[in-house]
Amino acid sequence: MKNARFLALAAAAFLSAPLTTLAAVPEPLVPPHQKWDFDGPFGQFDQKALQRGFMVYDRICSTCHGMKALTYNDLSGIGMSEQAILDLAHSKMIAGPPDVSGQPTSRPGRPDDHFRSPFPSDEAAAAMMGGVAPPDQSRLAVIQPHGADWLYAFLTGYKMPPPADAPVVPGKFYNDWVDGHLIGMPPPLMNGMIQYPDGTPATVEQQARDVTSFLVWAADPHRNARHRTGLWVVLYLIGLLVLAIAWKKKTWKRVKSQ
Ligand code: HEC
């Protein structure tokens, strides 16, 4: 009897030990789930949101972040006209080869140029930005777990002023959604900082939603076409299945009636 009680106590202690150690490990932050048009196997990007998102990228993020994987021509995928792409590319000065005396040169961009990077190199970017280079944004949305939800939470997650118990480090900003809650990127979005041509009010939340959609699109520009093909393939297979069932029924009817 005594033995049994001892065994039960030992078992309880053994079982509770891993639980207490587990409780001490901080949980990975899971951002709240947002509803996105492009979610799900047949989800489609909303072109208006992508165009607004590109505007946020172009006016704000691109002053610090590059997006080397995209060319200006790729923007036809978000519904930009050929002329608008030509004008946009032309407005960007792209670094050319040094001239005969070794001086740097630049030229207006062309539609087949890759997006211009704001800094000549990662080292130059890090030197300008207090030690950490802003990462290239081409694949940002797929590198992060919970890509879109995290980006939205992060872009709307700055606290100014920071909570009273947060560590204060010069040149770092408090954000709920980064490791250690401190990041070298200043809060990039402000209410009404840009004006959308379609009249959508440019709140911080709206800009965050739109630029997130754009970053997800940029990392996967063919999703709409793929999802549309997927839908047709599924419809085609359902059609085949219906035909096969009808054919089977007809054949068995014939067999049974013989
Ligand atoms: C003033 C320059 C600047 C602007 C403008 C800017 N960023 Fe950043 N961003 C940075 C720097 C610097 C870092 C790296 C900071 C670090 O790791 O401490 C960074 C990092 C990031 C990260 C990675 C965070 C992480 O924890 O991995 C994301 C995502 C990001 N930026 C998105 C954006 C978006 C979207 C915009 C436009 C709305 C934007 N940034 C505008 C400078 C900027």
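What counts and how
- Residues numbered from 1 in each chain as written.
- Predicted model: local features only at pLDDT ≥ 70, side-chain atom pairs only at ≥ 80, totals over all residues.
- Helix = DSSP H or I, 4+ residues; strand = E, 2+ residues; numbered from the N terminus.
- Buried ≥ 20, exposed ≤ 12 C-beta atoms within 10 Å, placed from the backbone.
- Contact = placed C-beta atoms within 7 Å.
- UniProt positions renumbered as here; feature names shortened; annotations may be inferred.
- Near = placed C-beta within 6 Å.
- Nonpolar A, V, L, I, M, F, W, Y, C, P; charged D, E, K, R; others polar.
- Axes fitted to C-alpha atoms, helices over the stretch in contact; angles between N-to-C directions.
- Left-handed = near helix turned anticlockwise from the far one by under 90°.

By the naming in an unreviewed UniProt entry, the chain goes by Cytochrome c1 and is assigned to Acetobacter aceti NBRC 14818.

Tell me what's going on with the overall build of the chain, and back it up with residues and numbers.
Secondary structure assignment for the chain yields 8 helices and 4 strands. Overall, the chain shows an N-to-C arrangement of helices and strands of α-α-α-β-β-α-α-α-β-β-α-α. By the burial criterion, 22% of the 258 residues in the chain qualify as buried. The long-range fraction of contacts in the chain, counting pairs at least 24 apart against all pairs at least 6 apart in sequence, stands at 61%.

Lay out the UniProt feature "binding site: heme c" (unreviewed entry) in the chain in plain terms, naming residues and giving numbers.
Here, UniProt's "binding site: heme c" (unreviewed entry) annotation points to Cys61, Cys64, His65 and Met185. In terms of the greatest pairwise C-alpha distance, the residues named above, spread along 125 residues, form a tight cluster of at most 10.7 Å across. Residue classification places Cys64 among the partly exposed residues on the basis of 18 C-beta atoms within 10 Å. Beyond its immediate stretch of four places on either side in the chain, Cys64 contacts Pro118, Met129 and Pro134. Inspection of the secondary structure assignment puts Met185 in the loop between strand 4 (182–183) and helix 7 (204–219). When residues no more than four places from it in sequence are discounted, the contact partners of Met185 are Pro134 and Phe173.

I'd love a proper account of the site of the ligand, names of residues and values included.
Around the ligand, the surrounding shell holds 22 residues, and the nearest of these are Cys61, Cys64, Pro134, Gly184 and Met185. Of all the elements, helix 6 (residues 147–155) adds the most residues to the shell around the ligand, at 3 residues. When the residues that make up the shell around the ligand are grouped by side-chain class, the tally is 19 nonpolar, 3 polar and no charged.

Which residues make up the packing of helix 6 against helix 7, and what values do they have?
In contact at an axis separation of 9 Å, helix 6 and helix 7 are set at 145 degrees when each is read in the N-to-C sense. Our pair here, helix 6 against helix 7, has a crossing hand that is right-handed. Taking contact as the criterion, the partners of Gly147, Ala148, Leu151, Tyr152 and Leu155 in helix 6 are, on helix 7, Ala208, Arg209, Thr212, Leu215 and Val216.

Before we move on, can you summarise the environment of Met190 with the specific residues and values?
Residue placement: Met190 occurs in the loop between strand 4 and helix 7. The class for Met190 is exposed, based on 12 C-beta atoms found within 10 Å.

Residue-level account of unusual backbone geometry, with values.
Along the chain, Met160 connects to Pro161 via a cis peptide bond; the corresponding omega equals -5 degrees. Counting through the fold element by element, Pro161 comes out in the loop between helix 6 and strand 3 (173–174).

Just give me the short version of the environment of Asp198, but keep the residues and values in it.
By the element assignment, Asp198 lies in the loop between strand 4 and helix 7. On the neighbour-count criterion, Asp198 (9 C-beta atoms within 10 Å) is exposed. In this structure the C-alpha to C-alpha distance between Asp198 and Lys48, which are 150 residues apart in sequence, comes to 8.4 Å.

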